[in-house]
Amino acid sequence: MSKVKLPVPPPVQQYARCVDDSRRPSDHIGDWPKAGQVYPIQVRRNARTGLPQIHVLGFYAEQPYGAFARHRFETVAQVWLN
């Protein structure tokens, strides 16, 4: 058996409230969060920069990319899944 462990995300669902919906890029094609709304999210690292970014589950984004900066959201809950 291999001793290599694959990265497995923790069994949690995170929720965050949008606190900054300003400065939508003019070339953004897709959904954009609204201030005050709570969304189910995943936090993933950017492959190029390594910085954490917020991915809103269920959002459609075609261009430039479907991720948002962390300063736009505040975490409100984590639900552990069984």
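Residues numbered from 1 in each chain as written. Predicted model: local features only at pLDDT ≥ 70, side-chain atom pairs only at ≥ 80, totals over all residues. Heavy atoms only, no water.

**Thoughts on the overall build of the chain**
And then number 1: Within the chain, the regular secondary structure consists of zero helices and seven strands.
And then number 2: Taken from N to C terminus, the helices and strands of the chain fall in the order β-β-β-β-β-β-β.
And then number 3: Judged by the C-alpha coordinates and their principal axes, the chain covers about 50 × 30 × 20 Å.
And then number 4: Expressed as a percentage of the 82 residues in the chain, the buried residues total 24%.
And then number 5: Within the structure as shown, the chain displays about 6,300 Å² of accessible surface, and the carbon and sulfur contribution to it stands at 54%.
And then number 6: With 11 positive and 6 negative side-chain charges, the chain shows a separation of 13 Å between the mean positions of the two kinds. (Helix = DSSP H or I, 4+ residues; strand = E, 2+ residues; numbered from the N terminus. Buried < 20%, exposed > 50% of the residue type's maximum accessible area, 1.4 Å probe, protein only. Areas by Shrake-Rupley, 256 points an atom, 1.4 Å probe, with all protein chains shown as cover. Lys, Arg positive; Asp, Glu negative; His and termini not counted. Charge placed at Lys NZ, Arg CZ, Asp CG, Glu CD.)

**Let's talk about the side chain of R72**
And then number 1: Note that R72 resides in the loop between β6 (68-69) and β7 (73-80).
And then number 2: For the buried R72, no salt bridge is present, and the opposite-charge side chain at shortest range is D20, 4.0 Å distant.
And then number 3: Of note is the side chain of R72, whose polar atom sits 3.1 Å from the backbone oxygen of D20.
And then number 4: When sequence neighbours within four positions are dropped, the list of residues in contact with R72 reads R17, C18, V19, D20, D21, S22, R23 and W32. (Salt bridge = Lys/Arg side-chain N within 4 Å of Asp/Glu carboxyl O. Polar contact = N/O pair within 3.5 Å; in protein donor to acceptor, adjacent residues only side chain to side chain. Contact = heavy atoms within 4.5 Å.)

**Structural notes on the pattern of salt bridges**
And then number 1: Taken as a whole, this structure holds two salt bridges when the rule is applied.
And then number 2: Two residues, R17 and E74, come together in a salt bridge whose shortest N-O distance is 3.1 Å. Taken together, the residues span a long stretch of sequence, with R17 in strand β1 (residues 12-18) and E74 in strand β7 at a distance of 57 residues.
And then number 3: A residue is classified by how much of its surface remains accessible, and E74, at 35% relative accessible area, is partly exposed.

**Points about the pairing of strand β3 (residues 38-45)**
And then number 1: As defined by bridge partners, β1 adjoins β3 across four bridges and the pair is classed as antiparallel. Bridged to Y15 within β3 is P40.
And then number 2: Between β3 and strand β4 (residues 52-56), which pair antiparallel one after the other, the connecting turn spans six residues, and G50 there sits at a positive phi close to 80°. (Pairing = 2+ DSSP bridges.)

Read these as layout, nothing more, since geometry by itself doesn't imply function.
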